[in-house]
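One letter stands for each residue in the lines below.
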Amino acid sequence: MSTTAPTAQAVTPDTLRAPRLPRWASPLVALGSAAAAVGVGLGTGLHSRVQWGLIAALLFVVASYVLATVVEGKRQAKDRFATSMVWMTFLLAVIPLASLIWETVERGSKVFSPYFLSHSMGVVADREVGGGINHAIIGTLQQVALASLIAVPIGLLTAIYLVEYGRGKLAKAVTFFVDVMTGIPSIVAGLFVLSFWILILGFDFSGWAGAMALSILMMPVVVRSTEEMLKLVPNELREASLALGVPKWRTILKVVLPTAIGGITTGVMLAVARIAGETAPVLLLVWVNPFINTNPFDGAQGSLPLYIYQQYAAGSEASYDRAWAAALALIGFIMILNLVARGIARWKAPKTGR
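Residues numbered from 1 in each chain as written. Predicted model: local features only at pLDDT ≥ 70, side-chain atom pairs only at ≥ 80, totals over all residues. Heavy atoms only, no water.

- Looking at an unreviewed UniProt entry, the chain carries the name Phosphate transport system permease protein PstA, with the source organism given as Streptomyces luteolus.
- Recorded under Subcellular location (unreviewed entry), the UniProt text for the chain is reproduced unchanged: "Cell membrane". (UniProt positions renumbered as here; feature names shortened; annotations may be inferred.)

Here you go:
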């Protein structure tokens, strides 16, 4: 009686690979979820596309999890569920932003032109056709520039003190007040400057008064962002410079700041974006001026945020178009600032070798 030993099955990469859904499964599930959401929406009388999108997102997450559980197992299904949730939250954050930009471009482009950018309202009434934002652009640029001249040096030096020198009760007190200033409403900063600069000292409404209030709002953002960027600079760089006999102030100036300049510049631009759209301090301190005023220290000035508010409050079709066009100009101004900041950060960033 002869016996034969069982032959071992050859092990190949295919036998070790767990079953996986094909690449076209996710797009197919997405299309099916969208179709099902449209059907549910029409069947239940839901006419909002936002509601259809939310239903489609929910169906996509559930269908992906169930399908992955059947084919790939629970472990891989949990991974796909987490991935689906990340994508859904990303889309929920991006869609409103994209919708806002699209709406602003679509409605603002009606009157956005070189004429609109180069003319002021002057004698044009808010309900009439015509006029532009030249006076508001000049006012906003000057007020933001003056606020930056005040806030950036103070915020940068404060952050350097907190990171490089700050120890003890004074540093804790400075950190506490910076945290408090971060949450100050813009109108409170405006009322503070109004009561001190205009009511007590007797100065007139001006772009400079508005810039002082804007600098109060800008300063804590600069301090916090710069502080975090300086903390990311490796201590080894500081120690190497100090070991060569370089003074600490020169180490900060030549080693620490150039290393962190990219993040510092980004933080400054975030602070500028924070104040460029403020309306309350401008309304209280800069007041309203439909004519061009290039002197921020004398008399009322225009401002883009206040211009948008005025035109929308006027209530006419022409004023609505001007308000949307001014909003488009403000968004473009912030985008240009961010591009310039990125260019400066890349230019000033320390060169790294291989």
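1. Section: the pattern of salt bridges
Thought 1: In this structure the tally under the stated criterion is seven salt bridges.
Thought 2: For R80, the salt bridge identified is with E72, shortest N-O distance 2.8 Å.
Thought 3: In this structure E72 comes out as buried when scored by relative accessible area, which is 13%.
Thought 4: Note that E227 and K231 form a salt bridge whose closest N and O atoms lie 3.5 Å from each other. Of this pair, E227 and K231 both sit in helix α9 (residues 207-231), four residues apart, which is roughly one turn of the helix.
Thought 5: Take K231: its relative accessible area is 49%, and that puts it in the partly exposed class.
Thought 6: Linked by salt bridges that have partners in common, D179, R224, E227 and K231 make up one network. (Salt bridge = Lys/Arg side-chain N within 4 Å of Asp/Glu carboxyl O. Buried < 20%, exposed > 50% of the residue type's maximum accessible area, 1.4 Å probe, protein only. Helix = DSSP H or I, 4+ residues; strand = E, 2+ residues; numbered from the N terminus.)

2. Structural notes on the UniProt feature "transmembrane region" (unreviewed entry) in the chain
Thought 1: Under the UniProt annotation, "transmembrane region" (unreviewed entry) lies at residues 24-46, 52-71, 83-102, 144-163, 175-199, 205-223, 255-277 and 323-345.
Thought 2: The span residues 175-199 carries 88% helix and 0% strand; its end-to-end C-alpha distance comes to 31 Å.
Thought 3: A distance of 28 Å separates the end C-alpha atoms of residues 205-223, which is 89% helix and 0% strand.

3. Some remarks on unusual backbone geometry
Where the residue is not glycine, phi is negative for most of them; where a peptide bond is considered, it is trans in most cases.
Thought 1: For W287, which is not a glycine, the phi torsion comes out positive at approximately 70 degrees.
Thought 2: Here W287 lies in the loop between α12 (280-286) and α13 (304-314).

4. Some thoughts on the side chain of S64
Thought 1: With respect to the secondary-structure elements, S64 resides in helix α3 (residues 49-71).
Thought 2: Residue classification places S64 among the buried positions, given a relative accessible area of 10%.
Thought 3: Apart from the residues within four sequence positions on either side, S64 is in contact with V29 and S84. (Contact = heavy atoms within 4.5 Å.)

5. Details of the UniProt feature "domain: ABC transmembrane type-1" (unreviewed entry) in the chain
Thought 1: What UniProt calls "domain: ABC transmembrane type-1" (unreviewed entry) maps, in this numbering, to residues 137-341.
Thought 2: End C-alpha to end C-alpha, residues 137-341 measures 20 Å, and it is 80% helix and 0% strand.

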